[in-house]
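Structural features, examined
Residues per chain are reported as follows:
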Amino acid sequence: MQNADTDDVADQACEVSGANHVAIIMDGNGRWATQRGKPRLFGHRAGAKRVREIVESCPDFGVKYLTIFAFSTENWKRTQAEVAGLMMLFRRYITRETQALHEKNVRVRFIGDRVKLDKKLQSLMDHLEDLTKDNTAVNLTIAINYGGRDEVARAIRDIARDVKTGNLDAEKVNEETLSSYLDTTVLPDPDLVIRTSGEARISNFLLWQSAYAEYEFIDTLWPDFTRDVFAEVLQRFDGRDRRFGAVKT
Ligand code: IPE
Ligand code: IPE
Ligand code: MG
């Protein structure tokens, strides 16, 4: 009989996925709460709690980069009460999780237009990024007030400014230039984008970066997304044939 330690190592070895960067559209919190007769914010709270287990499973699954969509540039259209509740949750999540994330050697980054967020939240975000900047186990990127179109528009504005001041040659602007002006400049492109809750759309998430990502649209609502569900999705990803426009010989 094998001892427990050997079994654990064997389990982990089969779980390692080829997905280097996984991006998740964490959708379905509202419906999860409604199904339980609770207010939408109850679902957002449950959704925030899910994040830790998924981040912590990344090293076991060989996922080096995890990017999660927390609030879109379109989510300001929700009721003032829901938006305020979400902003309060972000502040609370960051305050509560900062130490644990650091202890787990997680490097945290934020993408999106943070200028529009309240000052207290911005300073918590800055502090978490700074505290964890030398960590190496997982690269967690949280998208808050993020929209793919907004990101590209901001990048083009910066490019135009640099061309105007003579710091950039307009004739030399190419795909790499644009990538380097995006919020995701230091991140590799996502290999896999997962959306929970059964909706098959990308809702303005990582539009430029996902040109060759694989997509998984799954019915599970975000507060029910466990490590085991994540493992199943990663296993399906590993079975896919990625061609990037070429023909396999
Ligand atoms: C995702 O859950 C979280 C955010 C967009 C902030 P939703 O709030 O969109 O949940 P549903 O889609 O209404 O169920
Ligand atoms: C996308 O979900 C944004 C986040 C998960 C943060 P939404 O619930 O806002 O997307 P739509 O409105 O259904 O497209
Ligand atoms: Mg939704």
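The following refers to the structure shown.

Analysis parameters
- Residues numbered from 1 in each chain as written.
- Chains lettered and ligands numbered in written order.
- Predicted model: local features only at pLDDT ≥ 70, side-chain atom pairs only at ≥ 80, totals over all residues.
- Heavy atoms only, no water.
- Core = buried A, V, L, I, M, F, W, Y, C linked by side-chain atoms within 4.5 Å.
- Buried < 20%, exposed > 50% of the residue type's maximum accessible area, 1.4 Å probe, protein only.
- Helix = DSSP H or I, 4+ residues; strand = E, 2+ residues; numbered from the N terminus.
- Contact = heavy atoms within 4.5 Å.
- Near = heavy atom within 4 Å.
- Polar contact = N/O pair within 3.5 Å; in protein donor to acceptor, adjacent residues only side chain to side chain.
- Areas by Shrake-Rupley, 256 points an atom, 1.4 Å probe, with all protein chains shown as cover.
- 1 Å grid on protein atoms, 1.4 Å probe; cavity = no way out; pocket = protein on both sides within 12 Å on 5 of 7 lines; lining within 4 Å.
- Sits in = over half its atoms within 2 Å of the grid points.
- Nonpolar A, V, L, I, M, F, W, Y, C, P; charged D, E, K, R; others polar.
- Axes fitted to C-alpha atoms, helices over the stretch in contact; angles between N-to-C directions.
- Parallel < 35°, antiparallel > 145°, perpendicular 65-115°, else oblique.
- Left-handed = near helix turned anticlockwise from the far one by under 90°.
- Pairing = 2+ DSSP bridges.
- Points joined across faces, edges and corners; volume = space filled by probe spheres on them.

Counting 42 residues, the largest nonpolar core has Val22, Ile24, Leu66, Leu140, Ile194, Phe225 and Phe230 as the members making the most contacts within it. For this core, the element with the highest residue contribution is helix α4 (residues 80-103), accounting for 7 residues. Excluding anything up to four places from it in sequence, Leu66 contacts His21, Val22, Ile24, Ile54, Val55, Cys58, Asn139, Leu140 and Thr141. Counting residues in hydrophobic clusters, the runner-up holds 10 residues, among them Phe69, Ala143, Val193 and Ala213.

This part covers the site of ligand 2. Taken together, Ile25, Met26, Asp27, Phe69, Ala70, Phe71, Asn75, Arg78, Arg195, Arg201 and Ser203 make up the full set of residues adjacent to ligand 2. Within the side chain of Arg201, an N or O atom sits 2.8 Å from an oxygen atom of ligand 2. When isolated, ligand 2 has an accessible area of 390 Å², and the protein chains bury 78% of it. If you map ligand 2 onto the pockets, it falls in the largest pocket. Take the shell around ligand 2: its biggest share by element is 3 residues, from strand β2 (residues 65-72). Of the residues assigned to the shell around ligand 2, the class counts are 5 nonpolar, 2 polar and 4 charged.

This part takes up the packing of helix α3 (residues 40-61) against helix α8 (residues 227-238). The interhelical angle for the contact between α3 and α8, taken along N-to-C directions, is 45°, at an axis separation of 10 Å. If you check the angle between α3 and α8, you find them oblique. The crossing of α3 and α8 is right-handed. Contacts from Glu53, Ile54, Ser57, Cys58, Asp60 and Phe61 of α3 reach α8 at Arg227, Phe230, Ala231 and Leu234. Here the contact of α3 with α8 is composed, by residue class, of 6 nonpolar, 1 polar and 3 charged.

Time to look at the packing of α4 against helix α5 (residues 119-131). Relative orientation of the contacting elements α4 and α5 amounts to 20°, with a least axis distance of 10 Å. The orientation of α4 relative to α5 falls into the category roughly parallel. α5 is crossed by α4, and the crossing has left-handed handedness. On the side of α4, the interface is formed by Met87, Phe90, Arg91, Ile94, Thr95, Thr98, Leu101 and His102, while α5 contributes Lys120, Leu121, Leu124, Met125, His127, Leu128 and Leu131.

Here we take up the pairing of strand β5 (residues 192-195). Here β5 shows a buried face lined by Leu192 and Ile194 and a second buried face lined by Val193 and Arg195. When strand β1 (residues 21-25) meets β5, the two strands line up parallel, connected through 4 bridges. Among the inter-strand pairings, Ile24 is bridged to a residue of β5, identified as Ile194.

Scanning the entire structure with this criterion turns up 1 cavity of 30 Å³ or more. Put simply, the largest cavity is a space of about 40 Å³. If you trace the largest cavity, you find it lined by Arg52, Val55, Glu56, Glu97, Ala100, Leu101, Lys104 and Val106. Looking at the lining of the largest cavity, the elements with two or more residues in it are α3 and α4. Residues of the lining of the largest cavity, tallied by class, amount to 4 nonpolar, no polar and 4 charged.

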